[in-house]
Amino acid sequence: MKRLDGIGHVLSGLDISAIQTQADVNRTLWTLDAASKCVRAVLAEFRTQPATEQLVRKSRNLIDLIERARDQVGSFESRDPVLS
């Protein structure tokens, strides 16, 4: 749970509205991809053990958050001709 909390903490520090350049977009997407891989790695560790409901719920919430953030970054990028 501590690792998932840490991933959530990193994600809470992302400010999509502050994206101004393609480099910002790339860095944000890289961070989201890394966070997603980390969540999946935590889940994989417990694949052979009975995962607690809380662990599964928190993992799903983080994955949903990551997907929504990716969608926001994608829509932000498509709206701004400077970034396209």
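Scroll up to find the structure this text is about.
Once a new chain begins, its residue numbering starts again from 1 and follows that chain's sequence as written. Given that this is a predicted model, residues contribute local features only at a pLDDT of at least 70 and side-chain atom pairs are listed and counted only at 80 or more, while totals for whole chains, interfaces and linings are drawn from all residues. The basis for every side-chain value is the complete set of heavy atoms in the structure, and neither hydrogens nor water enter the calculation.

## Observations concerning the overall build of the protein
Piece 1. By definition, any uninterrupted DSSP run of H or I lasting at least four residues is a helix, any uninterrupted run of E lasting at least two residues is a strand, and each is numbered from the N terminus. Of the regular secondary structure elements, the protein holds three helices and zero strands.
Piece 2. The helix and strand sequence of the protein, counted from the amino end, reads α-α-α.
Piece 3. Partly exposed describes any residue whose relative accessible area lies between the buried limit of under 20% and the exposed limit of over 50%, with all areas from a 1.4 Å probe on protein chains only and scaled to the type maximum. Every one of the 84 residues in the protein was classed for burial, and the buried ones make up 29%.
Piece 4. Here, two residues are considered to be in contact whenever any of their heavy atoms come within 4.5 Å of each other. Long-range pairs, those at least 24 residues apart, make up 70% of the contacts in the protein between residues at least 6 apart in sequence.
Piece 5. Values of accessible area rely on a 1.4 Å probe in the Shrake-Rupley scheme; residue burial ignores everything except the protein chains shown. About 5700 Å² of surface is accessible on the protein, with carbon and sulfur atoms providing 53% of the total.

## Here's the deal with helix α2 (residues 22-45)
Piece 1. Taking 1.5 Å per residue, 24 residues should reach 34 Å; α2 reaches 35 Å between its end C-alpha atoms and fits that length.
Piece 2. Every buried residue belonging to α2 is among D24, V25, T28, T31, L32, A35, S36, V39 and V42, and all of these are buried. Take the residue count of a helix, subtract one, and multiply by 1.5 Å to get its expected span.

## Side note on the packing of helix α1 (residues 2-12) against α2
Piece 1. A fitted line through C-alpha atoms serves as each axis, taken over the contacting stretch for helices, and the angle formed by two N-to-C directions is quoted from 0 to 180°. The interhelical angle for the contact between α1 and α2, taken along N-to-C directions, is 170°, at an axis separation of 10 Å. Regarding the angle of α1 to α2, the classification is roughly antiparallel. Listed contacts from α2 to R3, L4, I7, V10 and L11 of α1 are T31, L32, A35, C38, V39, V42 and E45.
Piece 2. Asp, Glu, Lys and Arg are counted as charged, while Ala, Val, Leu, Ile, Met, Phe, Trp, Tyr, Cys and Pro are counted as nonpolar; the rest, among them Gly, fall into the polar class. Considering only residue class, the contact of α1 with α2 consists of nine nonpolar, one polar and two charged. For this classification, under 35 degrees means roughly parallel, over 145 means roughly antiparallel, 65 to 115 means roughly perpendicular, and everything else is oblique.

## Observations regarding the pattern of salt bridges
Piece 1. Salt bridge, as used here, is a side-chain nitrogen of Lys or Arg placed within 4 Å of a carboxyl oxygen of Asp or Glu. Under the counting rule described, the total for this entry stands at four salt bridges.
Piece 2. Across the pair E45 and R3 runs a salt bridge, and its minimum N-O distance is 2.4 Å. Taken together, the residues span a long stretch of sequence, with E45 in helix α2 and R3 in helix α1 at a distance of 42 residues.
Piece 3. What makes E45 partly exposed here is its relative accessible area of 40%.
Piece 4. With a shortest N-O distance of 2.8 Å, D33 and R70 are connected by a salt bridge. Of this pair, D33 sits in helix α2 while R70 sits in helix α3 (residues 53-79), and the two are 37 residues apart along the sequence.
Piece 5. With relative accessibility at 33%, the residue D33 sits in the partly exposed group.
Piece 6. For R70, a relative accessible area of 28% translates into the label partly exposed.

## Section: the nonpolar core
Piece 1. Among the nonpolar cores identified, the biggest contains 16 residues, and L4, I7, L11, L32, V39, L62 and V73 are the most heavily contacted of them.
Piece 2. Elements represented by at least two residues in this core include exactly α1, α2 and α3.
Piece 3. The leading source of residues in this core is α3, at six residues.
Piece 4. Ignoring any residue separated from it by four or fewer positions in sequence, one finds I7 in contact with A35, C38, V39 and L62. Within this scheme, the nonpolar core is defined by two criteria: the residues are buried Ala, Val, Leu, Ile, Met, Phe, Trp, Tyr or Cys, and they are joined through side-chain atoms within 4.5 Å.

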